Amino acid sequence: MNPGPSREAEVLVVGGGLIGACMAFTLRQAGYAVTVLDADLPGAAWRAGAGLLSPDAEGLTPGTPLGVCAAESLRQWPDFARQLEGASGLSVHYREGVRCRQPDGTWAVTPGEAQLHPPSVVRAARQGLPLHTERVLHVQSRAGRVLLNTDQGTWPARAVVLAAGAWSAAFGLPVTPVQGQALLLALDGSADAAAYAGRRRGSGARAYTLTRPDGVYVGATVRHSASVQPDPQARRWLLAAAGRFGLDGASGAATLVGLRPGTPDGRPIVAPHPVHAGVVVATGHGRHGALLAPWTARRVLGLVERALAGSARPPRERVSVAQGAR
Ligand SMILES: Cc1cc2nc3c(=O)[nH]c(=O)nc-3n(C[C@H](O)[C@H](O)[C@H](O)COP(=O)(O)OP(=O)(O)OC[C@H]3O[C@@H](n4cnc5c(N)ncnc54)[C@H](O)[C@@H]3O)c2cc1C
């Protein structure tokens, strides 16, 4: 297919998941003409993510590079949620304060934590954006433009942001899939939903529950695998965890499977692409994509501005996954 004028974009975002959709939203709010290409792949992490915004529970130590980014992003979330909801008219179910099970069995609200509903965030961020269901196969930079080849044709753009999550290795990035599995229990109206909101650590492995608009979520396993098929052993572990939380009827729960984008040092890559001029990378958020979305979106905005001004240069060395932490 020959590229026609309608297939030309100022900024193309590859991947419309948690990171790609939030970035595209921020770029559009800043006045850029943004188009999103998303292949709608099974195993996209945003469909399975819990939505906890909890740097402490995730062991993101304050003062470390990633801890600083996480704290900044957590501060940005209330305003970001308001912007998403105001622009789309859709709720993202952002809620401050996560109830946490204490060692004595009582519940207490952990200050400085929050939760949201990842699929609702993606829906709100995508609202009104041109989004095409295409799989990007190849990227190249030529004469001040970036060309994307997809399974349906070619897209020229002035700048491109790669946010392909666990599939980012296709673009030369050091990202590997880390499977996560969770349960989603339908809640009947009589259940005390609030009683299930929280998290706790138990017998070496960590499980948590939280109440969401679509039911009670029990999460989550971590397995170095690219499979998007539910793992029976993981389901048994989750059912046992649900039982410890006193959740009845868990055996009928739906299974969610998602692929987190992992990096060798566990830190995201938010930087100019090491090879292609005009291409910005935002991937490798592992377990923290929901938490880090506003921080990533703001940082990508700056990188895209530089790319469009022609000042983005590939770094001299391999991409430092700590780029964003400075
Ligand atoms: C079980 C589980 C629980 C989690 N819980 C939390 C949590 O509580 N808090 C938190 O902060 N994070 C959590 N996460 C992590 C979070 O979901 C991820 O970090 C986040 O979704 C990553 O966003 P992303 O946009 O990079 O990837 P994704 O959300 O996976 O989106 C990537 C998108 O790119 C598209 N794509 C891929 N390749 C191409 C291509 N070549 N062309 C076009 N489109 C393409 C896919 O279709 C997909 O829609 C959890 C994840 C899992 C799996």
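Quick notes on the rules
Residues numbered from 1 in each chain as written. Predicted model: local features only at pLDDT ≥ 70, side-chain atom pairs only at ≥ 80, totals over all residues. Heavy atoms only, no water. Near = heavy atom within 4 Å. Polar contact = N/O pair within 3.5 Å; in protein donor to acceptor, adjacent residues only side chain to side chain. Areas by Shrake-Rupley, 256 points an atom, 1.4 Å probe, with all protein chains shown as cover. Helix = DSSP H or I, 4+ residues; strand = E, 2+ residues; numbered from the N terminus. Nonpolar A, V, L, I, M, F, W, Y, C, P; charged D, E, K, R; others polar. Buried < 20%, exposed > 50% of the residue type's maximum accessible area, 1.4 Å probe, protein only. Expected span 1.5 Å × (residues − 1). Bend = angle between axes of the 7 residues up to and from the residue. Phe/Tyr/Trp six-rings, centres within 6.5 Å; stacked < 30°, edge-to-face > 60°. Pairing = 2+ DSSP bridges. Contact = heavy atoms within 4.5 Å. Salt bridge = Lys/Arg side-chain N within 4 Å of Asp/Glu carboxyl O.

So, on to the site of the ligand. In the vicinity of the ligand there are 40 residues, among which Asp-38, Ala-45, Gly-286, Arg-287 and Leu-291 approach most closely. Within the backbone of Asp-40, an N or O atom sits 3.3 Å from an oxygen atom of the ligand. Contact between the ligand and Leu-52: a nitrogen atom at 2.9 Å from a main-chain N or O atom of the residue. Isolated, the ligand exposes 1000 Å² of accessible area, and the fraction of that covered by the protein chains is 98%. Breaking the shell around the ligand down by element, the ones donating at least two residues are helix H1 (18–29), helix H2 (45–48), strand S14 (254–262) and helix H6 (289–308). Looking at side-chain class alone, the shell around the ligand contains 22 nonpolar, 12 polar and six charged residues.

All right, on to unusual backbone geometry then. Here the bond from Gly-219 into Ala-220 is cis, since omega is -20 degrees, no more than 30 degrees from zero. By the element assignment, Ala-220 lies in the loop between strand S13 (215–219) and helix H5 (232–244). Positive phi, close to 55 degrees, is recorded for Asp-40, a residue that is not glycine. Note on placement: Asp-40 falls in the loop between strand S2 (34–37) and H2. Exposure remark for Asp-40: the relative accessible area of 46% places this residue in the partly exposed category. The backbone phi angle of His-93 is positive, close to 60 degrees, even though this residue is not glycine. With respect to the element layout, His-93 can be found in the loop between helix H3 (65–88) and strand S4 (95–101). By relative accessible area, His-93 is classed as partly exposed at 34%.

An α-helix turns once per 3.6 residues; consequently, residues spaced three or four apart project the same way. For H3, with 24 residues, the first-to-last C-alpha span of 33 Å sits near the 34 Å given by 1.5 Å per residue. Largest kink in H3: about 40 degrees, centred on Trp-77, with the proline Pro-78 one to four residues after it. Two residues or fewer after H3 comes Gly-89, characterised by a positive phi angle close to 75 degrees.

Summed over the entire model, instances satisfying the criterion amount to four aromatic pairs. With 5.3 Å between their ring centres and 70 degrees between their planes, Trp-77 and Phe-80 make a pair best called edge-to-face. Taken together, the residues span about one helical turn, with Trp-77 and Phe-80 both in helix H3 at a distance of three residues. Of the two residues examined, Trp-77 and Phe-80, each falls in the buried class. Aromatic side chains Trp-77 and Tyr-94 sit 6.4 Å apart centroid to centroid with 20 degrees between the ring planes, which places their arrangement in the stacked category.

On to the pairing of strand S16 (residues 279–283). Side chains on a regular strand alternate between the two faces of the sheet. Burial analysis of S16 places five of its five residues in the buried class, the great majority of the element. Residues Val-279, Val-281 and Thr-283 point to one face of S16 and Val-280 and Ala-282 to the other, with burial holding for every one of them. Note that strand S9 (residues 153–162) and S16 share three bridges and pair parallel. Residue pairing for S16: Leu-162 is matched across the bridge by Val-281. Bridge count for strand S15 (residues 269–272) against S16 is four bridges, and the pairing is antiparallel. Across the sheet, the residue bridging to Pro-272 is Val-280, located in S16. Hairpin connection between S15 and S16: a loop of six residues separates the two successive antiparallel strands, and Gly-278 in this loop has a positive phi of roughly 80 degrees.

Glancing now at the environment of Ala-124. Along the chain, Ala-124 falls in helix H4 (residues 118–126). On a C-alpha basis, the gap between Ala-124 and Ala-81 in space is 9.5 Å, while along the polypeptide they are 43 residues apart. Each residue touching Ala-124, except ones within four places of it in the same chain, is listed here: Leu-84, Ser-88, Leu-90 and Val-92.

Opposite charge on two side chains makes pairing possible when the charged atoms of those side chains draw close. Taken as a whole and assessed by the stated rule, the structure comprises seven salt bridges. The closest approach of N and O atoms between Asp-40 and Arg-47, which form a salt bridge, is 2.7 Å. Overall, the relative accessible area of 39% leaves Arg-47 in the partly exposed class. Note that Asp-265 and Arg-267 form a salt bridge whose closest N and O atoms lie 3.7 Å from each other. Since its relative accessible area comes to 24%, Arg-267 is described here as partly exposed.

Over its 12 residues, H1 runs 17 Å from end to end, which matches the ideal 16 Å to within 8%, given 1.5 Å per residue. Turning to H1, its buried residues are Leu-18, Ile-19, Gly-20, Ala-21, Cys-22, Met-23, Ala-24, Phe-25, Thr-26 and Leu-27. After H1 finishes, the residue Gly-31 shows a positive phi value of roughly 105 degrees.

A few words on the side chain of Asp-38. Within the secondary structure, Asp-38 is located in the loop between S2 and H2. At 2.6 Å, the side chain of Asp-38 forms a polar contact with the backbone nitrogen of Asp-40. Sequence-distant contacts of Asp-38, defined by excluding residues within four places in its chain, comprise Gly-15, Gly-16, Gly-17, Arg-126, His-132, Thr-133 and Glu-134.

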